[in-house]
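An overview of the molecular structure
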Amino acid sequence: MQGVTREKLGLLLGLAGVICFSLTLPATSIAVEYFGTTVVGLGRTVVAAILVAVVLFVRKEKLPSPSQFKSLLIVAVGAVLGFPLLTSWAMESLPVSHGAVEVALLPLATAGFAMFRAGEIPSIKFWISSIIGSLAVIMYALHLGFGQLQFADLALLTAVIILGLSYAEGGKLAKELGSWQVIAWAIMIGAPFFIIPVGLNLTTEMLHAPIQAWVSLIYLAVVSQFLAYVAWYSGMAMGGIARVSQIQYLQPFLMILFATVFLDESITSFTLVTAVIVVFSVILGKNAPVTKKVAVSGKS
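Just so it is clear, the structure is predicted and the values come from calculations on it, not from any experiment.

The rules we used
Each residue is numbered by its place in its chain's sequence as written, counting from 1. Residue-level local features of this predicted model are given only where pLDDT is at least 70; pairs of side-chain atoms are given and counted only at 80 or more, and the full residue set underlies all totals for whole chains, interfaces and linings. The side-chain values count all of the structure's non-hydrogen atoms but skip hydrogen atoms and water molecules. Helix numbering and strand numbering both begin at the N terminus, where a helix is a DSSP run of H or I of at least 4 residues and a strand a DSSP run of E of at least 2. Within these notes, the globule rule equals 2.2 Å times the number of residues to the 0.38 power, and the radius of gyration is based on C-alpha atoms. UniProt positions are given in the numbering used here, feature names are shortened, and annotations may be inferred rather than shown by experiment. Here, expected helix span is obtained from the residue count minus one, scaled by 1.5 Å. When accessible area is computed with a 1.4 Å probe and restricted to protein chains, residues below 20% of their type maximum are described as buried, those above 50% as exposed, and intermediate ones as partly exposed. This arc corresponds to the set of directions leading from the helix axis out to the C-beta atoms. When checking whether two residues touch, look at their non-hydrogen atoms; a contact exists if any pair is within 4.5 Å. Side-chain atoms within 4.5 Å link the members of a nonpolar core, which is a set of buried Ala, Val, Leu, Ile, Met, Phe, Trp, Tyr and Cys residues. We define a salt bridge as a side-chain nitrogen of Lys or Arg found within 4 Å of a carboxyl oxygen belonging to Asp or Glu. Pairs were defined over the aromatic rings of Phe, Tyr and Trp, the Trp ring being its six-membered one, requiring ring centres within 6.5 Å. Orientation was assigned from the angle between planes: stacked under 30 degrees, edge-to-face over 60, tilted for the rest. For the purpose of charge, His is not counted, nor are the chain termini; Lys and Arg are scored as positive and Asp and Glu as negative. Throughout this description, a polar contact denotes any pair of N or O atoms lying within 3.5 Å of each other; where both atoms belong to protein, one of them has to be capable of donating a hydrogen while the other can accept it, and for residues adjacent in sequence the pair is counted only when both atoms sit in side chains. Two distance rules govern patches: like charges are joined within 9 Å, and nonpolar side chains (Val, Leu, Ile, Met, Phe, Trp, Tyr) within 5 Å, applied only to residues with over 30% relative accessible area and no salt bridge. Here, Shrake-Rupley sampling with a 1.4 Å probe gives the accessible areas, and only protein chains in the shown set may cover a residue. Known as pLDDT, the predictor's confidence for each residue is given on a scale from 0 to 100. Convention adopted: a line fitted to C-alpha atoms gives each axis, helices being fitted over their contacting stretch, and angles between N-to-C directions are expressed from 0 to 180 degrees. Oblique is the label for any angle not under 35 degrees, not over 145, and not in the 65 to 115 range, which are roughly parallel, roughly antiparallel and roughly perpendicular in turn. If you view the pair so one helix is near and one far, a crossing is left-handed when the near helix is turned anticlockwise from the far one by less than a right angle, and right-handed when it is turned clockwise. When residue character is reported, Ala, Val, Leu, Ile, Met, Phe, Trp, Tyr, Cys and Pro are called nonpolar, Asp, Glu, Lys and Arg charged, and the others, Gly included, polar.

1. Some points on the overall build of the protein
Looking only at helices and strands, the protein has 12 helices and two strands in total. When the helices and strands of the protein are listed from N to C terminus, the series reads α-α-α-α-α-β-α-α-α-α-α-α-α-β. For 300 residues, the compact-globule formula gives about 19 Å, and the C-alpha radius of gyration of the protein, at 19 Å, lands near that figure. Along the first, second and third principal axes, the C-alpha atoms of the protein reach 75 × 50 × 50 Å.

2. Section: the UniProt feature "transmembrane region" (unreviewed entry) in the protein
According to UniProt, the positions carrying the feature "transmembrane region" (unreviewed entry) are residues 41–59, 71–90, 96–114, 126–143, 149–168, 180–199, 211–232 and 253–284. For residues 149–168, the end-to-end C-alpha separation is 27 Å, with 90% helix and 0% strand making up the annotated structure. With 100% helix and 0% strand, residues 180–199 has end C-alpha atoms that lie 28 Å from one another.

3. A short note on helix α6 (residues 124–144)
Across its 21 residues, α6 extends 30 Å between first and last C-alpha, which sits within 8% of the 30 Å expected from 1.5 Å per residue. For α6, the complete set of buried residues consists of Phe-126, Ser-129, Ser-130, Gly-133, Ala-136, Val-137, Tyr-140 and Ala-141. All buried residues of α6 lie within an arc of 130° about the axis, which places them on one face of the element. For α6, exposure combined with an orientation more than 90 degrees from the buried face picks out Ile-124 and Met-139. Residues of α6 that are buried in the fold lie against α4 (96–103), α5 (106–117), β1 (120–122), α7 (151–177) and α12 (269–286).

4. Here we look at the nonpolar core
If you look at the biggest cluster of nonpolar residues, it comprises 86 residues, and the most contacted ones within it are Phe-35, Ile-187, Tyr-229 and Val-278. Per-element accounting of this core gives the leading share, 12 residues, to helix α2 (residues 24–59).

5. Here we look at the pattern of salt bridges
Enumeration according to the criterion identifies one salt bridge in this entry. Arg-59 serves as the salt-bridge partner of Glu-61, at 2.9 Å between the closest nitrogen and oxygen. On the basis of relative accessible area, Glu-61 is assigned to the partly exposed category, the value being 22%.

6. Brief notes about the packing of aromatic side chains
Tallying each qualifying case throughout the model produces nine aromatic pairs. The interplanar angle of 50° and the centroid separation of 6.4 Å between the aromatic rings of Phe-116 and Trp-127 together place this pair among those described as tilted. Taken together, the residues span a long stretch of sequence, with Phe-116 in helix α5 and Trp-127 in helix α6 at a distance of 11 residues. Overall, the relative accessible area of 43% leaves Phe-116 in the partly exposed class.

7. Observations concerning the side chain of Arg-44
Along the chain, Arg-44 falls in helix α2. Nearest to the buried, unbridged Arg-44 among oppositely charged side chains is Glu-92, at 11 Å. A distance of 3.3 Å separates polar atoms of two side chains, one belonging to Arg-44 and the other to Ser-88. Beyond its immediate chain neighbours, meaning those up to four positions away, Arg-44 contacts Thr-24, Thr-28, Val-39, Pro-84, Ser-88, Leu-220, Ala-221 and Gln-225.

8. A short note on unusual backbone geometry
You will see that Lys-60, though not glycine, has its phi angle at about 55°, which is positive. Lys-60 gets classed as exposed once you look at its relative accessible area, which sits at 72%. A positive phi is found at Asp-264, a non-glycine position, where the angle reads about 55°. Along the chain, Asp-264 turns up in the loop between α11 (251–263) and α12.

9. Some words on a nonpolar patch on the surface
Side chains of Trp-89, Ile-131, Leu-135, Ile-138, Met-139, Leu-142, Leu-149, Phe-151 and Leu-154 sit close together on the surface and give an oily, nonpolar patch of about 850 Å² of accessible area. Of all elements in the fold, only α6 and α7 reach the threshold of two or more residues within the nonpolar patch. Considering every element that reaches the nonpolar patch, the biggest residue donor is α6, with five residues. Mapping Leu-135 onto the fold places it in helix α6.

10. Regarding the confidence of the model for the protein
As a general rule, the predicted coordinates of low-pLDDT regions are not to be interpreted in detail. The pLDDT averaged across the protein works out to 89; a share of 94% of its residues lies at or above 70. The secondary-structure element of the protein with the lowest mean pLDDT is strand β2 (residues 290–292), recorded at 67, while α2 shows the highest, at 96. This stretch, residues 295–300, has a pLDDT under 50; its non-local contacts, to residues over four places away or in other chains, come to zero contacts.

11. Regarding α7
Along its 27 residues, α7 runs 37 Å from first to last C-alpha, staying within 8% of the 39 Å computed at 1.5 Å per residue. Two residues or fewer past α7, Gly-178 is found with a positive phi of approximately 115°.

12. As for the packing of α11 against α12
The N-to-C vectors of α11 and α12 enclose an angle of 160°; their axes lie 10 Å apart at closest approach. The orientation of α11 relative to α12 falls into the category roughly antiparallel. The way α11 lies across α12 gives a crossing that is right-handed. In this structure, α11 uses Pro-252, Phe-253 and Ile-256 to contact α12, whose residues at the interface are Thr-271, Leu-272, Ala-275, Val-276 and Val-279. The residue inventory of the contact of α11 with α12, partitioned by class, reads seven nonpolar, one polar and no charged.

Here it is in structure tokens:
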């Protein structure tokens, strides 16, 4: 009975994490209009670092080892620098529903990097799924861009690749450092470098931003950048990585739903169909069989 309760709690935490992540692009779209790319993209980490520092101090978490620090740098580059900054820039010109379709490739990118980091060889099924998903996203972007990819599309796709590598590295590191501790230490690594650029981009006009912009910025800092990771990683630890990770397939549809509710975006059938194709390709790719690389030694 205790095991069942723990598994259900893990699923609930995983769902909470996915819902929190699904609100990231809508919140970014609202905040970036008033605070700009740098403050929204990097400022969230500076604010989150205050909360994280308190948690690490109260829990008396030990410092990462030099080898762990190297992996944390990769996590920081993706989850703390690259993804927030690139998505903030992209959300200045793209609708959230558009971004939701492209970010839907994230689980597939993560799975691909995880395979390579584990010394596994992806199967033909994985590559076919990756091509189908990628082509669907590119065709979608070309259709909305009147025949050409916008720089914002390239920024989003780059963000997905960078964060995929970051997630894969973080997942591997979590086994020895702890689940939420990975993002916590990555935040502490990145925050000191962001203080100056964020400070240089602060203006007095920002004080007059509407309440929804401030709420969005605080949400990005406290929830998207830290608490959502705590819920997501804790959920996978309690409910099982394989089972809880399936909930992530809901994320693009939740993003689209939140875009209609909070931003009054009109969602076309083309967007929904493309999202379904991308998610279906991600499901096939993540469940594709893999083989381990075999080291061949020569005869003496």
